[in-house]
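# A look at the structure
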Amino acid sequence: MRLVVPRLAAWAAFAAAILVAGCSTTATQSHVTELRRAAPAPKILLMPLDVELMELDMGGVLEPKPEWTAAARGFIIEEVRAKKSRLGFRLEEFPEEFPGPPEEQELVDQLVKVHAAVGRAMRQNRKLGQELQSLGDKPLWSLGEEVRVLRSRTGADYALFVHVRDSYASDGRKLVMIAGAALRGVVMGGVQSGFVSLVDLQTGDIVWNNQLGRVTGDLRTREPAMETIRSLLKDFPA
Amino acid sequence: MNRRKFLSAAACGCSALVPGSLFGGSLQARMSPGFRPEPASDENGLWDQFVKQERELKRSRFLIKDPELNAYVAAIACKVAGDFCHDLRVYLVRSPYFNATMAPNGMMQVWSGCLLRCQSEAQLAAILGHEVGHYLRRHGVERFRDAQQKSAFSTLLGLGLSVAGGGIGRFAALGDAFILASSFAFTRDQEREADTMGLDLCSGAGFDPEEAANVWAHLIAERNARENQGFRDLVFATHPVEEEREETLRGLAKGMPGCGDPARRGRDRYLHMLRRERASFFADELKLRDYGASLALFERMLETDKDDLEVAFNLGEVYRLRAREGDDTKALESFQRLAGLPKAPAETWRSLGLVRRARGEGSEAAQAFARYLELKPKADDAAIIRTYIDSGRTS
């Protein structure tokens, strides 16, 4: 009776918010300078990537682009693997089939969504140059203790969540942007936004978070994509 | 019969028989079986979103697992969809509202509230046929493109206005309004198309086409009985006015084979397949606490079959749970009448006990509770019922 639809409108509103907030920002917030070391090296679980690339058409409707998304995912995984060799942690990439019952698989889906919501809240509430807000010793931002299931299933100490929403102006949109500029106005183009978090799998707390929001950058092709991903993973705790 | 052959055959038959048909005859599918969107197309992008949703849906705790019921509903969908059977996947979802959804990639959801409200296989087939109609007409991508066109138009219009002196600020606002307004629900014209197409498919698959109109008659009665009239169902918000829809469907069905034929309704088989899940559907319905609508629903179900004791029990439950002035008497009467029947659900006695207990009739309550435990000694709530029995005796 109804069509189920992706909520593109909400995304557009968010993109507009970035534009208002400023052109290019990255902000790292961290509770840890060093990862907890279980012998011989901390183990990090890379969660299913929550990544979507879209094209912004002439009128401002976002069209999902699975080909671009697939390329971007490949680049992100590549860079995380490179980080692993450089920083010397152990990495487990989330398996296609989670080795647990369906309820736990559902929990993984939900955690990825919770991370998206918490990450957005962090963005809205952050103050530039400030550490992760905390209540005394306890970090304020957490995904909840349910994450312990991940620890017991994989033996990982931390989980790395990656959330990226990227949009690129179509040719038609670019024309409208130029026309808008000629009329001394601003017509919104593509926006690159994302955040990554490192979550302590004992407590669910976000111990490190990096936010990226700008109107430049490109995840579709290797060179610029690597630059974006490095910005996203900047100041990753060693 | 081959579905496409049927559709083209019906195209002749129908326009001749039903001159009042909205579209002057039957509609053609806008795809062939096994359809996949072109790679790198907008439709492919749209599909991909739903492939992700489907992956999540598959592991949702709200899926109804009952394998027999799942196979049964899938088989009806198959029968209705004909050659397109393998392009569709049906998921039964526990959600107590009347709704079914169709995604552009063939992921169909049927909610438990819909299964509870259907009174026959043909009624369910009518709903599935409607959803298949959305799929075959590619309404999802049509809607998406429509939104794109409208917003592009408004953007250009805005640019034009700002050149004419309206200012760029006004221009930006115009564009945004359009994006938000196109919330991607199907349009009423698309709903009408899906209705027409669904009806053809159902009648062609051997179901009584009039049952489609009966679904709506049912929902109209329920809507009118709703205590909070401010609440509009998800369905009602986007779909053609219900009365118009019922009337159109009934008119169209009249010219079709098998119209009004009880042998083509499959009521008994439908209820048989629902038997293991139905009690939980009733329980979910009652939890909505929309008692006026529930009363209308149950009373109508009893009109179709006055011997459906499960419905009769739940009608009593509405009164017991609503607990307004005089409701306890009505509940008591329902449960007492049921208790006199040999096949009444065991829970009748529990509810009888609860009403008695609320009225302060301790010893009668204890008797009823004892009977419940006799019939269902391993009931989940046996322990608390025993405490009720003890307190009843001492009071």
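For the structure, see preceding data.
Figured I'd write up the structure that's included with this text. Since this is a predicted model, take the numbers as computed values, not measurements. (Residues numbered from 1 in each chain as written. Chains lettered and ligands numbered in written order. Predicted model: local features only at pLDDT ≥ 70, side-chain atom pairs only at ≥ 80, totals over all residues. Heavy atoms only, no water.)

Bringing the overall build of chain A into the picture now. Of the regular secondary structure elements, chain A holds six helices and 10 strands. Looking at chain A as a whole, 55% of its 238 residues are labelled buried. For chain A, restricting intrachain contacts to residue pairs at least 6 apart in sequence, the fraction spanning at least 24 positions comes to 77%. For chain A, the exposed area adds up to about 10400 Å²; of that, 54% sits on carbon and sulfur atoms. (Helix = DSSP H or I, 4+ residues; strand = E, 2+ residues; numbered from the N terminus. Buried < 20%, exposed > 50% of the residue type's maximum accessible area, 1.4 Å probe, protein only. Contact = heavy atoms within 4.5 Å. Areas by Shrake-Rupley, 256 points an atom, 1.4 Å probe, with all protein chains shown as cover.)

All names here are of chain B. Applying the stated criterion across every chain, the model contains six cavities of 30 Å³ or more. Its boundaries defined by the atoms lining it, the largest cavity holds a volume of some 100 Å³. Looking at the lining of the largest cavity, the elements that each hand over two or more residues are helix H5 (121-136), helix H8 (188-204), helix H9 (210-225) and helix H11 (242-254). Ranked by the residues each element gives to the lining of the largest cavity, the list is headed by H8, at five residues. In terms of residue class, the lining of the largest cavity is built from 10 nonpolar, two polar and two charged. (1 Å grid on protein atoms, 1.4 Å probe; cavity = no way out; pocket = protein on both sides within 12 Å on 5 of 7 lines; lining within 4 Å. Points joined across faces, edges and corners; volume = space filled by probe spheres on them. Nonpolar A, V, L, I, M, F, W, Y, C, P; charged D, E, K, R; others polar.)

For the rest of this paragraph, the subject is the environment of glutamate 223 of chain A. Residue and element names in this part refer to chain A. Tracing the chain through its elements places glutamate 223 in helix H6 (residues 222-232). The class of glutamate 223 is exposed, set by a relative accessible area of 65%. For the pair glutamate 223 and serine 85, spaced 138 residues apart in the sequence, the C-alpha separation amounts to 20 Å.

Another point: the state of the cysteines. Residue and element names in this part refer to chain B. Counted according to the given criterion, the structure contains one disulfide over all chains. Each disulfide pairs two cysteine sulfurs, and for cysteine 78 the partner residue is cysteine 85, the sulfurs being separated by 1.7 Å. Under the relative-accessibility criterion, cysteine 78 is labelled partly exposed at 27%. Left unpaired, cysteine 202 is separated from the closest cysteine sulfur, that of cysteine 118, by 11 Å. (Disulfide = S-S within 2.5 Å.)

To continue, consider a nonpolar patch on the surface. Residue and element names in this part refer to chain B. Where nonpolar side chains cluster on the molecular surface, the patch consists of Phe153, Leu157 and Leu161 and spans about 300 Å² of accessible area. Among the structural elements, leucine 157 can be located in helix H6 (residues 139-166). When its relative accessible area of 41% is taken as the criterion, leucine 157 is described as partly exposed. (Patch = residues over 30% accessible without salt bridge, like charges linked within 9 Å, V, L, I, M, F, W, Y side chains within 5 Å. Salt bridge = Lys/Arg side-chain N within 4 Å of Asp/Glu carboxyl O.)

What follows deals with the packing of helix H13 (residues 278-287) of chain B against helix H15 (residues 309-322) of chain B. Axes are the key here: two packed helices are described by the angle between their axes and the distance separating the axes. All names here are of chain B. Relative orientation of the contacting elements H13 and H15 amounts to 25 degrees, with a least axis distance of 11 Å. Classified by the angle their axes make, H13 and H15 are roughly parallel. Once H13 is placed against H15, the crossing between them reads as right-handed. Between H13 and H15, the contacting residues are Arg278, Ala279, Phe282 and Leu286 on the first element and Glu310, Val311, Asn314, Glu317, Val318 and Leu321 on the second. Grouping the constituent residues of the contact of H13 with H15 by class yields six nonpolar, one polar and three charged. (Axes fitted to C-alpha atoms, helices over the stretch in contact; angles between N-to-C directions. Parallel < 35°, antiparallel > 145°, perpendicular 65-115°, else oblique. Left-handed = near helix turned anticlockwise from the far one by under 90°.)

Attention now goes to the packing of aromatic side chains. Counting across every chain of the model gives nine aromatic pairs over all chains. On the basis of an interplanar angle of 70 degrees and a centroid distance of 5.1 Å, the ring pair of tryptophan 208 of chain A and phenylalanine 236 of chain A is categorised as edge-to-face. Linking tryptophan 208 of chain A in strand S10 (residues 206-214) with phenylalanine 236 of chain A in the segment after H6, this pair joins segments that are 28 residues apart in sequence. Accessibility expressed as a relative area gives 0% for tryptophan 208 of chain A, which makes it buried. Between phenylalanine 282 of chain B and phenylalanine 298 of chain B the ring centres are 5.3 Å apart and the planes differ by 65 degrees, which places this aromatic pair in the edge-to-face class. Note that phenylalanine 282 of chain B is positioned in helix H13 and phenylalanine 298 of chain B in helix H14 (residues 291-304), a separation of 16 residues in sequence. Across the pair, phenylalanine 298 of chain B and phenylalanine 282 of chain B agree in class, each one buried. Connected via pairs of aromatic rings, a cluster forms that spans Phe89, Trp208 and Phe236 of chain A. Here arginine 371 of chain B stacks its cationic end above the ring of tryptophan 349 of chain B, 5.5 Å away from the centre of that ring. (Phe/Tyr/Trp six-rings, centres within 6.5 Å; stacked < 30°, edge-to-face > 60°. Lys NZ or Arg CZ within 6 Å of the ring centre and 35° of its normal.)

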